[in-house]
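# Descriptive analysis of the structure
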Amino acid sequence: MKINQLLRKFRVIGIVLLVLLVTGIGTGYYLTRQYPKEWNYWKNLSGSEKRRVISLEIERFWKNIFPPSPQPERYAHVTAETLEHSIRIGADWIVAMQEHHGRFQYWYDPVSDEFSKKNDDNFLRQAGTSFSLMLVYEMTGDLRYFEAARKSLQYLLTFTESLDTDKAYFLFRRKAKLGGISLPMLTMLKIRQLTGTTEYDAILAKLANMILFLQEKYNTGQYKSTYVYRGDYEHEKNSGWESRIYPGEALYALAGMYQAFGDSRYKQSMDWALEFYYGEKWKSHAFLPWTISAFASLYEQTGEQKYADYVFFLSDQLLTQQNLEADDEAYGSFHNVPSANTGSYMEGLGDAIHVARLIKDKERLWLYQERAKMGYRWLLMLQYGEADASALKRPNMAQGGFRKTLTNSQLRIDNTQHAISSFAKGLRFIYDIPPAVQGVNHFQ
């Protein structure tokens, strides 16, 4: 009798273990298919790095259940003066990376003294970098940054292609991406706002039409991620892939177009998109920052509560990914592989702070400001200052750049541009520093 009971227990245990095993394998297979980029990154980590990832994941889980009080002494050095110095030397580093025809060197490694190769490049990161220079120009008034941004834009415009007579896009290495259409628009719109020029109006209208065209492809409110990808006009359908980043960039560009031209089609497109993207699936990390900035801008323009609600919905989700263990060097960073990517989250959070102040949500305003300062603390650790650069082969080519991580010395234009853009928003929306260049109309 006892033997039969033991056998039954073993069978039950065996079935449970089998279910757990199948569930684990199924979950692992799903995650590797759903997040192939993340999986490829994970599997290439060393054993110690994987243990670090797991440790931070567990810490962040518990800190979100029992949120700790901020530790201001850990980021007391984060001040308006600190951020202003950082964005200036960061922008100077970017300018030093610019070639005579406007392109930026993609990366430089100050330890090995190596630059990126010509074929190691990314159109979107080139475009995002020129936009960051415009944000720094707005806050500092230094014309060198404005001139570098215009030169970059001239380079980007050489990749313009037309579709029919009313639409345009940028074709770079046989790829035309939604994000690639949108990011140069942000630079053009910022130049338009700060100078009053109308020289880009025609191309802006055509690029915006292209964004609307890509949204109409699905007839759901979702934006198609590419127009063409190496000859494949149905890349998303054939690959099962949709970008989590590009929709937010497109939304931000449309918010700028609505601000500049008042065309109701742009707001209608954003409203349609809001219906589609307002859900659990689209709380993806990569989707958050640009989308927060887009709807923060639309709230500022219209005062419609639904846009502020969405900004807070996404921002609260964003903060669940912040590392809050005050005794850890990664304090203030985001995710379980802390990196310069924190800068992109701080960009979105900066605009969320602006909305919290406009709506007089004191609780969120205080929380968002403190969390942003924690994030700035982490980013400042990644920047090469004068003392850090002095021991390197070419100190002038390192100072001001932001490393990817504390152990990866490579300085990339995108890591630096996200960091200085976030600092520019911090100066404006946390420390209430007015822009040095006010512009012709009010646009973030």
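Residues numbered from 1 in each chain as written. Predicted model: local features only at pLDDT ≥ 70, side-chain atom pairs only at ≥ 80, totals over all residues. Heavy atoms only, no water.

### Notes on the side chain of Ser 225
Applied cut-off: Under the DSSP-based scheme used, a helix requires at least four consecutive residues in state H or I and a strand at least two consecutive residues in state E, with every element numbered from the N terminus. Exposure categories follow from relative accessible area, calculated using a 1.4 Å probe and restricted to protein chains: below 20% of the type maximum is buried, above 50% is exposed, and the middle band is partly exposed. Contact between two residues is taken to exist if any of their heavy atoms lie within 4.5 Å; hydrogens are not considered.
If you trace the backbone, Ser 225 turns up in the loop between helix 8 (201-216) and strand 6 (226-229). Classification of Ser 225 as buried rests on a relative accessible area of 0%. Other than its neighbours up to four places away in sequence, Ser 225 contacts Lys 177, Leu 178, Glu 236, Trp 241, Glu 242, Ser 243 and Tyr 246.

### Observations concerning the pattern of salt bridges
Selection criterion: We define a salt bridge as a side-chain nitrogen of Lys or Arg found within 4 Å of a carboxyl oxygen belonging to Asp or Glu.
Enumeration over the complete set of coordinates arrives at 26 salt bridges. Here Glu 199 ties to Arg 150 by a salt bridge, and the two come within 3.0 Å at their closest N and O atoms. With Glu 199 in the loop between helix 7 (178-195) and helix 8 and Arg 150 in helix 6 (residues 143-157), this residue pair connects regions lying 49 residues apart in the sequence. Sharing partners across several salt bridges, the network here consists of Glu 99, Arg 103, Lys 118 and Asp 121.

### What to know about helix 6
Rules: Multiplying 1.5 Å by the helix residue count minus one yields the expected span of that helix. Counted as a polar contact is a pair of N or O atoms within 3.5 Å, where, for protein atoms, one must be capable of donating a hydrogen and the other of accepting one, and residues adjacent in sequence contribute only when both atoms are in side chains.
If you check helix 6, its first and last C-alpha atoms are 21 Å apart, about what 15 residues at 1.5 Å a residue would give, namely 21 Å. By the burial criterion, the buried members of helix 6 are Tyr 145, Phe 146, Ala 148, Ala 149, Ser 152, Leu 153, Tyr 155 and Leu 156. Where helix 6 is buried, its residues touch helix 4 (80-96), helix 5 (123-140), strand 3 (160-163), strand 4 (167-170) and helix 7. One side-chain oxygen of the residue at the start of helix 6 lies 3.0 Å from the amide nitrogen of Arg 144, identifying that residue as Asp 142.

### Notes on the sheet that holds strand 1 (residues 107-109)
Put simply, the rule is: The rule for pairing is simple: two strands pair if DSSP sees at least two bridges between them.
The strand order across the open sheet built from 3 strands is 2-1-7, with neighbouring strands paired in antiparallel fashion. In this open sheet, the two strands that pair with only one neighbour each are strand 2 (114-115) and strand 7 (411-412). Bridge count for strand 1 against strand 2 is 2 bridges, and the pairing is antiparallel. Paired with Tyr 108 across the strands is Phe 115, a residue of strand 2.

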